[in-house]
Amino acid sequence: MAHTASDLSRQLARNAEAVCRHYLAAGRREGRYWIAGDVQGSKGRSLYVRLKGGDHGKGAAGKWTDAATGEHGDLLDLIALHCGHRLLSDTFDEARRFLALPRETPSFDPSAPAAPAGSRKAAQRLFAASDPIAGTLAERYLRGRGIVGIRTERWLRFHPRCWYRPSEEDAPGTPNAFPALIAAITDDDGTITGCHRTWLSPEGSGKAPIATPRRAMGDLLGMGVRFGGAGTVMIAGEGLETILSLRIAASHLPAIATLSSAHLSAIRFPPALQRLYVARDRDPAGCQATAKLYERTVDAGIELIPLDPHADDFNTDLQRMGIEHFREAFTAKLREDDRARFP
């Protein structure tokens, strides 16, 4: 492992105040400590984090204690609890994201036997064969949609020549490969079950000029493209660009893009989920999916709060309003306690 737990913990501790300002935003500095209400970053005084100190032992920087619960640990522990992680690997990924370190990813072995087309294994191979999104046509495409700050999103990648099967609706001579934005579809535990592909114009002018520039592959039902660790509160929506737009407004709010209205209504609920915001598109399919989802949340004892865009979807809102006005308009739709928890 390129960066061990002790390495990450030490690097986080050296940036303890920045960590606290990011994950415990409602707290404040008092002398050598950051004071907050709990690991979710609520207002209060029961949790305190040491900002200055040595690398090891008693009094080390980054050590924290919650007097109300008796919980304590280092900043890796705090991030795990804050994000609701169940896997240590998720905490490592989040720590690396914060520290802007490269993530460890499965390597692509071109000599491995071919996976069945459209299968979960094929999706995993495609994601492993793709590149980080920074500086690519995929980043340029999203920036053109008003979406910025996505370089560290774990499940987004770019493939320079992603295979495309032309359909009868495509023009004769349509190429069978285009650059593509690749988004991994995962289950609650972070296992890749599928991939979503958005084929892009090689000239960087938007989506590729083909009949179906978006397609998904693998095991999709109940899954989605996930951002942040699922906890008691989450937001769900159909389109990838919709959810990425909302990440700009509330970057700490866990979210999932289900990629279609049918899959939105069939989303699997994380075990800890108590409140689900649904960012629906302003069309009949979005309303029907929300109605079906509402029936399921009632049975599961989960509160559902529908969110409607001003235009046809939230990405259109972002492009029309600009980032600051969009952020204000969207966060005003959240419950007051969630606005404090997920700035």
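Scroll up a little and you will see the structure.
Residues numbered from 1 in each chain as written. Predicted model: local features only at pLDDT ≥ 70, side-chain atom pairs only at ≥ 80, totals over all residues. Heavy atoms only, no water.

(A) Looking closely at the overall build of the chain. Secondary structure summary: the chain contains 12 helices and 14 strands in total. Its C-alpha atoms give the chain a radius of gyration of 21 Å, near enough to 20 Å, the size a compact globule of 343 residues would have. For the chain, long-range pairs separated by at least 24 residues make up 55% of all intrachain contacts whose partners lie at least 6 apart in sequence. In the form shown here, the chain has an accessible surface area of approximately 15,800 Å², with 51% of it arising from carbon and sulfur atoms. Both charge centroids of the chain, one from 45 positive and one from 41 negative side chains, sit 4 Å from each other. (Helix = DSSP H or I, 4+ residues; strand = E, 2+ residues; numbered from the N terminus. Rg over C-alpha atoms; globule rule 2.2 N^0.38 Å. Contact = heavy atoms within 4.5 Å. Areas by Shrake-Rupley, 256 points an atom, 1.4 Å probe, with all protein chains shown as cover. Lys, Arg positive; Asp, Glu negative; His and termini not counted. Charge placed at Lys NZ, Arg CZ, Asp CG, Glu CD.)

(B) Spotlight on the sheet that holds strand 10 (residues 225-227). Reading across from one edge, 10-12-11-13-14 is the order of the five strands in this open sheet, with mixed pairing throughout. If you trace the sheet from one side to the other, it starts and ends with strand 10 and strand 14 (303-307), each paired once. Strand after strand, the sheet turns through a mean of 20° between neighbouring axes, direction not considered. When strand 11 (residues 233-237) meets strand 12 (residues 255-257), the two strands line up parallel, connected through three bridges. (Pairing = 2+ DSSP bridges. Axes fitted to C-alpha atoms, helices over the stretch in contact; angles between N-to-C directions.)

(C) Representation of the side chain of Asp66 within the structure. Within the secondary structure, Asp66 is located in strand 4 (residues 64-66). Among buried charged residues, Asp66 stands out as having no salt bridge; its nearest opposite-charge side chain is Arg45, 12 Å away. Those residues in contact with Asp66, other than ones at most four positions away along the chain, are Gly37, Asp38, Ser46, Leu47 and Glu71. (Buried < 20%, exposed > 50% of the residue type's maximum accessible area, 1.4 Å probe, protein only. Salt bridge = Lys/Arg side-chain N within 4 Å of Asp/Glu carboxyl O.)

(D) Just the packing of helix 7 (residues 240-249) against helix 11 (residues 323-331), in detail. Two elements in contact, helix 7 and helix 11, have axes separated by 8 Å at closest approach and are oriented at 90°. Judged on the interaxial angle alone, helix 11 and helix 7 are roughly perpendicular. Across from Ser245, Leu246, Ile248 and Ala249 in helix 7, the residues of helix 11 making contact are Ile323, Phe326, Arg327, Phe330 and Thr331. Of the residues contributing to the contact of helix 7 with helix 11, the split by class is six nonpolar, two polar and one charged. (Parallel < 35°, antiparallel > 145°, perpendicular 65-115°, else oblique. Nonpolar A, V, L, I, M, F, W, Y, C, P; charged D, E, K, R; others polar.)

(E) Spotlight on the pattern of salt bridges. Within the structure shown, the criterion is met by 23 salt bridges. The salt bridge partner of Glu17 is Arg21, with a shortest N-O separation of 2.8 Å. A residue pair is termed a helical-turn pair when its members lie 3 or 4 positions apart in one helix, as Glu17 and Arg21 do in helix 2 (residues 16-23) at four residues. Among the residues examined, Arg21 registers a relative accessible area of 48% and is labelled partly exposed. Here Glu153 makes a salt bridge to Arg247, at a shortest N to O gap of 3.3 Å.

(F) Spotlight on helix 7. The buried count for helix 7 comes to 10 of 10 residues, which makes it a mostly enclosed element. All buried positions along helix 7 are accounted for by Leu240, Glu241, Thr242, Ile243, Leu244, Ser245, Leu246, Arg247, Ile248 and Ala249.

(G) The arrangement of the nonpolar core in detail. Ranked by internal contacts, the top residues of the largest apolar core, which has 55 residues, are Leu142, Leu156, Ile235, Leu240 and Phe330. Ala36, Leu47, Trp64 and Leu99 belong to the second largest nonpolar core, which has 22 residues in total. (Core = buried A, V, L, I, M, F, W, Y, C linked by side-chain atoms within 4.5 Å.)

(H) How the structure looks around the packing of helix 10 (residues 314-321) against helix 11. Their axes nearest at 7 Å, the elements helix 10 and helix 11 cross at an angle of 135°. Of the possible angle classes, the one that applies to helix 10 and helix 11 is oblique. Relative to helix 11, the crossing made by helix 10 is right-handed. Residues Phe314, Asp317, Leu318 and Met321 of helix 10 form the contact with helix 11, whose own contacting residues are Ile323, His325, Phe326, Ala329 and Phe330. Residues belonging to the contact of helix 10 with helix 11 are distributed by class as follows: seven nonpolar, one polar and one charged. (Left-handed = near helix turned anticlockwise from the far one by under 90°.)

(I) A look at the sheet that holds strand 9 (residues 214-218). With respect to topology, four strands assemble into an open sheet ordered 6-7-8-9, the strand pairing being antiparallel. Strand pairing shows two members of the sheet lacking a second neighbour, strand 6 (156-163) and strand 9, which therefore form its edges. Going across the sheet, the axis of each strand differs from the next one's by a mean of 30°, ignoring polarity.

(J) Spatial organisation of unusual backbone geometry. Positive phi, normally seen in glycine, also occurs at Leu259, with a value near 80°. Summarising the element assignment, Leu259 is placed in the loop between strand 12 and helix 8 (261-265). Judged by its relative accessible area of 24%, Leu259 falls in the partly exposed class.

(K) Representation of the pairing of strand 11 within the structure. The element strand 11 is largely enclosed, with a buried count of five among its five residues. Of the two faces of strand 11, the one carrying Val233, Ile235 and Gly237 and the one carrying Met234 and Ala236 are both buried. Examined bridge by bridge, strand 11 and strand 13 (residues 275-279) share five bridges and lie parallel to one another. Considered in strand 13, the bridge of Val233 is made with Arg275. In terms of handedness, the path from strand 11 via helix 7 over to strand 12 forms a crossover that is right-handed. (Right-handed = clockwise from strand over helix to strand, strands pointing away.)

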